[in-house]
Amino acid sequence: MDKFKALEAKAKAGLTFDEVFGSVEYKNTLFSMLETTAKIAGYKRSKRLSTVIQNDASKDCPAYTNGETVYINIGCKFAERLKKSYPLYNLYTIGLLAHEEGHILWTDFDKYMEANKAIKDGYIPLGDDLYDYDDELENYDKYDEMLANEKIGRIYLSNYFHNINNLIEDIYVNAKQSSKFEGNYRKGIAVGNALIYEESPSIAEMDENGLSKPIIYVNALISQLKAKSVYYGTAEAEEEYSATVNFLISEIAPMIMASPEKRILACNLIICHLWNYIEDDIQELKDKYDDSNSEDNSDDSSNNDGDNSDSSDSSNSSAPSSNLSTEQEKEVENEVNQIMSGLQGQTEETQDTSSIAKPSALQKNDKSGNDNSGLSEKEHEALRKALTECLCNGSSQAGSIVTNDYSIEEDTDFSGILNGLAHTKAVEENENSIQQEMNDDIKGDYGIADCSYGATIKRIRSIPASNKKYYEHIANNIKPIANAMVKEVQRVIKDENLTETRKNRIVGKKLTTNKLYRPDYKVWEDRKSPKKIIDMAISIRVDESGSMYGDRINTAKVSCILMKMVSDELNIPIEIIGDTEDNTVELYPYCTFDSKDGNDKYRLVSMTDRWSNRDGYAIRYCYKRLKKRIEKHKLLIIISDGMPAGYNYYGEAANNDLRVLTRQIKREGTAVIAFGFGSDAQSLKSIYGKSFICYEDLSKVPKAFAKALKEQILKNL
C-alpha cells in the first residue's frame with residue numbers, strides 16, 4: 001500500500017459520525033433516493049420534494065415530514081448506540097427516509113385528519129362501519145357513551161385513538177414502501193423495526209414500571225406487526241398478554257393493507273377489545289379530578305372524609321368531569337400525554353401530524369392490498385442478531401456488520417460517500433504534509449544566491465472556477481501534440497521490449513515445428529519479457545519575473561500544461577515551480593511530486609509575471625527536491641527570458657554562480673535543459689552552454705518542449 005492509500009485508509013477509519021451523516025454528500029444521496037423513488041411511484045406535484053438533515057439532541061423525534069420536505073434528525077438519542085456502525089446507521093436513516101416518504105405517497109390525510117377530528121368532537125370515527133362490522137361488539141355502546149358524555153374520557157380516548165391510528169398508519173406506509181421499493185428501502189425499514197424491538201423493554205418490565213395496560217398491549221401488538229416478535233420477558237407476562245395480542249393480530253392484520261377506512265376500523269376494534277383496561281385509566285383520572293373539584297367546591301362541608309371513601313361511585317356521574325376548568329383540562333391532557341409517552345416506535349411527534357401537508361392522492365389510485373413487503377420471520381430474527389452484535393459488542397464504523405446468520409454490507413452509494421469523504425480528508429492532510437515538507441526544504445546552503453529575507457512557499461489551495469475553464473481551453477488546443485508524443489513513446493517502448501526472441505524453451509508461446517525431434521522437449525520459443533520502462537522524474541523551474549509578461553508567460557504556461565499532460569499519461573512524476581523575488585523569494589509550487597487532489601493542472605493557469613528573479617535560489621531549491629526522488633533518471637528544465645536580476649544578485653557574479661551550479665548538477669547525473677524565450681534570452685547561452693535552447697518565435701516552443709522531453713525519455717529507457 002503506497003503512502004497516500006495508507007493515508008486514505010487512516011482517514012476513512014477516522015471519519016466522525018457528524019462528518020459522514022452531516023455531510024452535503026450524504027444529504028444529496030438521500031435527496032436523490034427520495035426524488036427517484038417518488039418519481040417511480042408516480043408522484044406529481046408542482047413543488048419538488050426535498051430533504052433536510054438536522055442534528056438536534058434535544059429533540060426525541062428522529063424524523064418527520066411536512067408533506068414536501070423530509071426532516072431527519074441524526075441527533076436523536078433513540079438510535080444512539082447504532083452509531084457505532086456507519087453502514088447500519090445508514091440503513092436506519094434510509095428507513096426513516098422511506099417511512100416519511102411513504103406518508104407523502106400513501107397516507108390519505110383527509111381521512112386521517114377527519115378521523116382525529118371526529119373523536120375530538122365526541123363521536124366514534126366511522127362508527128357506523130364499526131357497528132356494521134359487528135353489531136354485537138362488546139363495549140361499543142360504552143365507547144360511544146364515554147365520548148359523548150365524559151370530558152376526561154374524551155381527552156383520553158382522542159389521544160389514544162390518535163396514537164394507535166398513527167402507529168397503524170406507520171405500519172401501512174412501511175409495508176407499502178417495502179413492497180414498492182426493495183433493496184435498501186426494505187432493509188432500512190426492517191432495521192428500524194428491529195431496533196424498536198431491541199431497544200424496547202420487555203412486556204414484563206413495562207408492567208413492572210407501571211405502564212398502563214392499554215399502552216402495554218399496543219406496544220406488544222406493534223412489536224408483533226413490525227418485528228414479527230414480542231419480547232415478553234417472563235413466562236407469566238406471556239401467559240397474561242399473549243392470548244389477547246394474538247387475537248387482536250388476527251382481527252386487525254388483514255385491515256392494515258386495505259383502505260384507510262379499514263385502518264380506522266382497526267383502531268376502533270383495539271379500543272373496544274381493550275375497553276376494560278382503558279376504562280380503568282380513565283376512572284383513575286376521573287377519581288383524581290372529581291376529588292379536586294370536591295375540595296374546591298365544598299369548603300364548608302363536614303363530610304369530606306366520607307366523600308373520599310365513596311370515590312369508587314363517582315363513575316356514575318359525569319357532572320364533575322364535565323365541569324373541568326380550562327387549567328384542569330390542560331392538566332388532564334398533560335397527564336394523558338404522559339401515559340401515551342410509553343408507546344414505542346413512533347417516528348414523528350403526535351402533535352405535528354396534523355400539520356403535514358396534503359399530498360397528491362396516490363393512495364386513491366393504488367389497488368394493491370397485499371403485503372408482500374416484509375422480511376421473513378427468519379430474516380427478522382437474523383437481523384435482530386446483527387443488531388444485537390452491534391449494540392452489545394460494537395463494530396467497525398466504516399465496515400460491514402456480519403454475524404453467522406446475516407450480514408449488512410455497505411451499499412455502493414454509501415461506500416462511495418465514505419471513500420469520497422476519506423479521499424477529501426486524506427488530500428487535505430496530504431496538502432498540509434506537502435506544505436510542511438516544502439517549507440522544510442527551504443533550509444540549506446544557497447551560496448551567493450541566498451536571500452537575507454528568506455523564502456516563502458505559496459501553494460494555491462483554493463482553485464477558482466475560471467482556472468478550470470481556461471485550462472480546458474488550453475488543453476483542447478494542445479491535446480493533439482500531447483497525444484502524438486505519448487503514442488510515439490509508447491510505440492518505441494513496445495518495439496524495444498518485443499524485439500528479442502528466446503528459442504529452445506521447454507515452455508513458451510510458439511511451437512517450433514522443425515524442432516519436434518528433440519528429446520529434451522525444448523521445442524518452444526517466446527519473446528523476451530519487457531524490461532524497457534520509463535524510470536524518470538522531472539522538475540521544471542519557471543521564471544516569473546516582470547519581464548516574462550504577455551506572450552512569454554503565456555507560452556511558459558502552455559508548455560508546462562503540455563508537459564504535465566504528457567507526464568501524467570506516461571506516469572512520470574513531475575514538479576513545476578514558479579519563482580520571483582519581492583524582498584523574499586516567493587516559490588509557487590503549481591505541481592508537486594506527491595499531490596493527490598487532482599488540481600495541479602488547474603494551478604498552472606495561475607502562472608503569471610511578477611517581480612524580480614533570483615535564479616540561483618530557485619534552481620537550487622528545485623534540484624534539492626528533485627535529487628531526493630528515487631527514480632534512476634532525473635531531468636531539470638529551466639525556463640527563463642534573461643539574466644538573473646535579484647536584490648544584490650545580478651551581473652557576472654550571478655551569471656558565474658549559475659554556470660557553476662549547472663555543471664555541478666550535470667556532474668551529479670541530472671540532465672539539464674534550459675529554454676530561453678524571446679530575443680533577450682540569447683545571452684543565457686553563455687551560462688547554460690549546450691543545454692540551452694532559445695526560441696524567439698514563441699509559437700514553436702510547445703512542440704520543442706515535447707521533442708526535447710521525448711528525446712530524454714527514449715535516451716534513458
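Just so it is clear, the structure is predicted and the values come from calculations on it, not from any experiment.

Cut-offs and rules
Residues numbered from 1 in each chain as written. Predicted model: local features only at pLDDT ≥ 70, side-chain atom pairs only at ≥ 80, totals over all residues. Heavy atoms only, no water. Helix = DSSP H or I, 4+ residues; strand = E, 2+ residues; numbered from the N terminus. Buried < 20%, exposed > 50% of the residue type's maximum accessible area, 1.4 Å probe, protein only. Pairing = 2+ DSSP bridges. Axes fitted to C-alpha atoms, helices over the stretch in contact; angles between N-to-C directions. Contact = heavy atoms within 4.5 Å. Expected span 1.5 Å × (residues − 1). Disulfide = S-S within 2.5 Å. Salt bridge = Lys/Arg side-chain N within 4 Å of Asp/Glu carboxyl O. Phe/Tyr/Trp six-rings, centres within 6.5 Å; stacked < 30°, edge-to-face > 60°. Lys NZ or Arg CZ within 6 Å of the ring centre and 35° of its normal. Parallel < 35°, antiparallel > 145°, perpendicular 65-115°, else oblique. Left-handed = near helix turned anticlockwise from the far one by under 90°. Lys, Arg positive; Asp, Glu negative; His and termini not counted. Polar contact = N/O pair within 3.5 Å; in protein donor to acceptor, adjacent residues only side chain to side chain. Core = buried A, V, L, I, M, F, W, Y, C linked by side-chain atoms within 4.5 Å. pLDDT = per-residue confidence, 0-100.

Observations concerning unusual backbone geometry
Working step 1: Backbone geometry at N504 places phi at a positive 55 degrees, although glycine is not the residue there.
Working step 2: Positionally, N504 belongs in strand β7 (residues 501-505).
Working step 3: The backbone phi angle of N648 is positive, close to 60 degrees, even though this residue is not glycine.
Working step 4: Mapped onto the elements of the fold, N648 is located in the loop between β14 (645-646) and β15 (649-650).
Working step 5: Classification of N648 by relative accessible area gives exposed; the value is 58%.

Regarding the sheet that holds strand β13 (residues 633-640)
Working step 1: Strand order in the open sheet formed by seven strands is β6-β12-β11-β10-β13-β16-β17, and the pairing between neighbours is mixed. Edge positions in the open sheet fall to β6 (455-457) and β17 (692-695), since each of these has one partner strand only. Put simply, the sheet's adjacent strands are angled 20 degrees from each other on average, direction ignored.
Working step 2: Against the sheet, helix α20 (residues 412-441) touches β6, β11 (574-582) and β12 (584-591), its axis set at about 165 degrees to β6.

Some points on the sheet that holds strand β2 (residues 63-65)
Working step 1: In spatial order, the strands read β1-β3-β2; together these three strands make up an open sheet with mixed pairing. Lying at the two open borders of the sheet, with one neighbouring strand each, are β1 (50-54) and β2. For this sheet, the mean inter-axis angle between neighbouring strands, taken without regard to orientation, is 15 degrees.
Working step 2: Where β2 meets strand β3 (residues 69-73), three bridges bridge the pair, whose relative direction is antiparallel. Considered in β3, the bridge of T65 is made with V70.
Working step 3: Across the sheet, helix α3 (residues 24-41) is in contact with β1 and β3; its angle to β1 comes to roughly 145 degrees.

Structural notes on helix α8 (residues 151-180)
Working step 1: Between its terminal C-alpha atoms α8 stretches 43 Å, which fits the 44 Å expected from 30 residues at 1.5 Å a residue.
Working step 2: Counting buried residues along α8, 26 of its 30 residues qualify, which places the element largely inside the surrounding structure.

Notes on the state of the cysteines
What makes a disulfide is a covalent bond joining the sulfur atoms belonging to two cysteines.
Working step 1: One pass over the full model with this rule turns up zero disulfides.
Working step 2: For C61, which is in no disulfide, the shortest distance to another cysteine sulfur is to C76 and amounts to 7.1 Å.
Working step 3: Take C61: its relative accessible area is 6%, and that puts it in the buried class.
Working step 4: Considering cysteine sulfurs only, C560 is the nearest to C591, which forms no disulfide, with 7.7 Å between them.
Working step 5: On the accessibility criterion, C591 (0% relative accessible area) is buried.

Let's talk about the pattern of salt bridges
Working step 1: Taken as a whole, this structure holds 38 salt bridges when the rule is applied.
Working step 2: Ionic pairing is found between E261 and K111, a salt bridge with its closest N-O pair at 3.1 Å. Linking E261 in helix α13 (residues 260-273) with K111 in helix α5 (residues 109-120), this pair joins segments that are 150 residues apart in sequence.
Working step 3: Exposure remark for E261: the relative accessible area of 24% places this residue in the partly exposed category.
Working step 4: We classify K111 as partly exposed; its relative accessible area is 28%.
Working step 5: Across the salt bridge formed by D657 and R620, the nearest N and O atoms sit 2.7 Å from each other. Taken together, the residues span a long stretch of sequence, with D657 in helix α25 (residues 651-667) and R620 in helix α24 (residues 615-627) at a distance of 37 residues.
Working step 6: Salt bridges linked by common partners bring E431, R459, D597, D600 and R603 together as one network.

Quick notes on the pairing of β12
Working step 1: In terms of burial, β12 is a largely internal element, eight of the eight residues being buried.
Working step 2: The pairing of β6 with β12 spans three bridges and is classified as parallel. When the sheet's bridge partners are listed, T456 is paired in β12 with E586.
Working step 3: Strand direction decides the pairing type here: β11 and β12, joined by seven bridges, are antiparallel.

Brief notes about the packing of aromatic side chains
A ring pair, where both rings are aromatic, is described by two values, the distance of the centres and the angle of the planes.
Working step 1: Summed over all chains, the structure comprises 20 aromatic pairs.
Working step 2: Their ring planes at 15 degrees and their centres at 4.0 Å tell us that F675 and F705 sit as a pair that is stacked. Of this pair, F675 sits in strand β16 (residues 671-677) while F705 sits in helix α27 (residues 701-715), and the two are 30 residues apart along the sequence.
Working step 3: By relative accessible area, F705 is classed as buried at 1%.
Working step 4: Every member of this aromatic cluster is reached through a ring pair, and the members are F17, F21, Y26, Y86, Y89, Y92 and F414.
Working step 5: The ring of W106 has K176 sitting right over it, with the charged end atom 4.9 Å from the ring centre.
Working step 6: A cation sits over an aromatic face here: R263 above Y172, 3.6 Å from the ring centre.

Describing the packing of α8 against helix α11 (residues 213-227)
Working step 1: α11 packs onto α8 with a crossing angle of 5 degrees between their chain directions and a minimal axis gap of 11 Å. As the angle between them shows, α8 and α11 are arranged roughly parallel. Note on element contacts: α11 touches α8 through P214, I215, V218, I222, L225 and K226, opposite Y156, Y160, I164, L167, D170, I171 and N174.

Describing the packing of helix α21 (residues 465-497) against helix α22 (residues 551-569)
Working step 1: Across the interface, α21 lies against α22 with an axial gap of 8 Å and an inter-helix angle of 50 degrees. With respect to their mutual orientation, α21 and α22 come out oblique. Where α21 crosses over α22, the handedness of that crossing is right-handed. Touching Y470, Y471, I474, A475, I478, K479, I481, A482, M485, V486 and Q490 of α21 are K557, V558, I561, L562, M565, V566 and E569, all from α22.

Focus: the side chain of E101
Working step 1: Relative to the helices and strands, E101 resides in helix α4 (residues 86-106).
Working step 2: Salt bridges are absent for the buried E101, whose nearest opposite-charge side chain, K180, sits at 11 Å.
Working step 3: Within the local environment of E101, its side chain forms a polar contact with the side chain of Q177, the two groups lying 3.2 Å apart.

A few points about the nonpolar core
Working step 1: Within the largest apolar cluster, 108 residues are counted, with the highest numbers of intra-cluster contacts made by Y143, L157 and Y160.
Working step 2: Per-element tally for this core: the top contributor is α8, with 13 residues.
Working step 3: Those residues in contact with Y160 that sit more than four places away from it in its chain are P214, I215, V218, I270, I271, L274, I278 and M340.
Working step 4: In terms of nonpolar packing, the next biggest core, distinct from the first, is built from 48 residues, I538, L635, I637 and A706 among them.

Quick notes on the confidence of the model for the protein chain
Working step 1: Mean pLDDT for the protein chain: 85, with 84% of residues reaching 70 or above.
Working step 2: Segment residues 349-365: pLDDT under 50, and 41 contacts once partners within four positions in sequence are set aside and those in other chains are kept.
Working step 3: Within the model, pLDDT remains below 50 along residues 398-407, and this stretch shows 30 contacts once partners closer than five positions in the same chain are excluded.

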